[in-house]
Amino acid sequence: MKLFKNVMFYFAVVLIVVIAVFPFYYAILTSFKTGTAIFRVDYWPTNFDFGNYAAVLNNGSFPRNTLNSIFIASSTVAFALLLAVTASYALSRVRFRGRSLLLLTILAVSMFPQIAVLSGLFELIRFLGIYNTPWALIFSYTIFTLPFTVWVLTTFMRDLPIEIEEAAIVDGATPWQIITKVFMPLMWPALVTTGLLAFIGAWNEFLFALTFTSSNDTRTVPVAIALLSGASQHEIPWGTIMAASVLVTIPLVVLVLIFQRKIVAGLTAGGVKG
Amino acid sequence: MSATTQISAAPRAGKPATSELQRQRVRAAMWFLLPMIMALFVAAGWPLFRTIYFSFTNTSLNDLYGGDWVWFKNYLSVRELPSGRLRWSGTLADPKWWNAVWNTVKFSAVSVTIEAILGLMVALVLNAEFKGRGLVRAAILIPWAIPTIVSAKMWGWMLNDQFGMINDMLLNVGLIEQRIAWTANPDTAMLAVLVVDVWKTTPFMALLCLAGLQMIPRDIYEATKIDGVHPVKVFFKITLPLVRPALMVAIIFRMLDALRIFDLIYVLTPNSSATKTMSIISRENMFDFSNFAYGSAQSTLLFLMIAIFVVLYIWLGKVDLGGKEKN
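Computed from a predicted structure; not experimentally measured. (Residues numbered from 1 in each chain as written. Chains lettered and ligands numbered in written order. Predicted model: local features only at pLDDT ≥ 70, side-chain atom pairs only at ≥ 80, totals over all residues.)

**Q** Kindly report on the overall build of chain A, identifying the contributing residues and their values.
**A** Broken down by element type, chain A carries 12 helices and 0 strands. Put simply, chain A runs from its N terminus to its C terminus through helices and strands in the order α-α-α-α-α-α-α-α-α-α-α-α. For chain A, the C-alpha atoms occupy an extent of roughly 75 × 70 × 30 Å along the three principal directions. Here the contacts in chain A between residues at least 6 apart in sequence split such that 77% fall between residues at least 24 apart. (Helix = DSSP H or I, 4+ residues; strand = E, 2+ residues; numbered from the N terminus. Contact = placed C-beta atoms within 7 Å.)

**Q** I'd like a description of the interface of chain A and chain B, backed by residues and values.
**A** Counting residues at the interface gives 79 residues for chain A, matched by 88 residues for chain B. With 11 residues, the top contributor of residues to the side of chain A that touches chain B is helix H1 (residues 2-31) of chain A. Classifying every residue of the side of chain A that touches chain B by side-chain character gives 54 nonpolar, 18 polar and 7 charged. (Nonpolar A, V, L, I, M, F, W, Y, C, P; charged D, E, K, R; others polar.)

**Q** Which residues make up the domain arrangement of chain A, and what values go with them?
**A** Residues and elements named next belong to chain A. What the domain assignment reports for chain A is domain 1 (2-49) and domain 2 (60-270). Distance from the C-alpha centre of domain 1 to the C-alpha centre of domain 2: 32 Å. Domain 1 puts 8 residues into the contact, and the matching count from domain 2 is 7 residues. Residues of the side of domain 1 that touches domain 2, tallied by class, amount to 4 nonpolar, 3 polar and 1 charged. (Domains from an automatic or database assignment.)

**Q** Provide a residue-level description of the nonpolar core, including the pertinent values.
**A** Formed by 157 residues in total, the largest nonpolar core has its most connected members in Ala84, Ala87 and Val150 of chain A together with Ala206, Cys209, Ala250 and Leu268 of chain B. Ranked by the residues each element gives to this core, the list is headed by helix H6 (residues 134-158) of chain A, at 15 residues. When residues of this core are assigned to domains, at least three fall in each of domain 1 (2-49) and domain 2 (60-270) of chain A. Filtering out sequence-adjacent residues up to four positions away, Cys209 of chain B remains in contact with Gly119, Leu120, Ala123, Val243, Ala246, Leu247 and Ala250 of chain B. (Core = buried A, V, L, I, M, F, W, Y, C linked by C-beta atoms within 7 Å. Buried ≥ 20, exposed ≤ 12 C-beta atoms within 10 Å, placed from the backbone.)

**Q** Can you break down unusual backbone geometry residue by residue, with the values?
**A** One non-glycine residue with positive phi stands out, namely Asn132 of chain A, at about 65°. Within the secondary structure, Asn132 of chain A is located in the loop between helix H5 (118-128) and H6. Judged by the 16 C-beta atoms lying within 10 Å of it, Asn132 of chain A is partly exposed. Although it is not a glycine, Ser290 of chain B adopts a positive phi angle of roughly 45°. Along the chain, Ser290 of chain B falls in the loop between helix H10 (278-288) and helix H11 (292-317). Looking at Ser290 of chain B, the number of C-beta atoms within 10 Å reads 13, which means it is partly exposed.

**Q** I'd like to hear about the packing of H1 of chain A against helix H4 (residues 148-158) of chain B, residue by residue, with values.
**A** Put simply, H1 of chain A and H4 of chain B touch, their axes get as near as 10 Å, and they point 75° apart. Compared by their axis directions, H1 of chain A and H4 of chain B come out roughly perpendicular. Together, Pro23, Phe24, Tyr26, Ala27 and Thr30 of chain A of H1 of chain A and Met154, Trp155, Trp157 and Met158 of chain B of H4 of chain B make up the contact between the two elements. Residues of the contact of H1 of chain A with H4 of chain B, tallied by class, amount to 8 nonpolar, 1 polar and no charged. (Axes fitted to C-alpha atoms, helices over the stretch in contact; angles between N-to-C directions. Parallel < 35°, antiparallel > 145°, perpendicular 65-115°, else oblique.)

Here is the structure:
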């Protein structure tokens, strides 16, 4: 009975792992196949043809799209963290009237359906003259990165011991000095986690990127992959699509695996959207 | 802001502190908050207001400032035809809209229910101590880390009618007799979307549930073992009630995400009316069919629906979002 239980348990474990990993594994397999090999279903690696990768990297605007995505996601994170660090200090450490209301509002903004601001944002972006530029996306991504970073950093700072801050106040430190000299060094783990989660969010975003860019050179990677098409309308270039998908996913998977413990902690603190 | 301030972690209720130090702290706090509030107002508050405004006009995509105020015409209006019959128009009289509402509700309810159950099951497995637990946890993070667009394309390829691996496997096992066009067939399109969504987001649920499970002290389980309580009873009487707060928070975040789903459906089953959700058709109206104001009305309705859902959920479920009770 005990043996049977153990077998069933490990069977469940193996099943979970296989289901989680298989689709990505299959995409990698497909990305190494060209020509007719791609239409044959294989469960083990048979071909190692880098043709699809060469096609993705040499042709079209894919390298440019990758640079766009890197620039946009990094700027979004930098901007969000800059505003969030000071704001979350105020929200977690200083007691003032209306604080809970403000926190609730921030949480409410993070629950916005993005479609609800789409037409208003479109008008604003047109008005500011940043349509079809990276700035349109950096600006609009604030709506989901900022509330989330503020929320997680506030939770984190609230748990830091009060004594450090009292010591700094006794020594005559100003609030700005408390943030930069006392809290910042303690907050690196939280900053890395929230920064990484915000980066992934911005990197994967699709609706705004699709709506606020209109040319091949300004698109981000998810939009580029969604719109990849073959020579004719009915011929979908699965090999190239899989190669592009693997290229944009590998860095994320590596980052996630390196920081997995921190990410789990960040997810549970913020209840971030997946 | 008045000067009822204290250092937050050392609350002394009922004693308003009014020292110069604390007044200075509040002043600094206001300056620290200002940039964030401004940014949120410009990126979220104002666009939301404009969307709602547009929904009451007849603005078109090509002439954003040329619209006239039309009251509720985009929502619902009635006109008497010369024949004396009444003609209803507007979103609320649009069968396509109600189809999208139904698709959205069906998708959200089914996907979140399955994800909650599977997520809890995976979390229970991961909560047990066994060799290689870290590896398994890393493995289930992979679907979560993959961009939605990429997972839609990956599954689109696996679900391909002619060359897809799913059809090949099911044919070999003998579960189906002929190849199925999973994403194109209106009968199976929703199923395909559900499968991909469950695959992608169950890890998120599992991790949140796992965090809740790990808060339960181990001695409770030891006590039940000594008393010889049946494991099923332990699950329903102890584990489930204790993990409920974490589960409720996870469910609402997933639900909000599911109600506004756009990218997965846009890529996996484009133009299939069996899966078109509220987000999909309102964007379609705004930018593809140049019914900018009409689409704005639909997105406003989605916003209202989500807002009402959140309020009801928090109120009925007594959910404590993010541990406000701490201080």
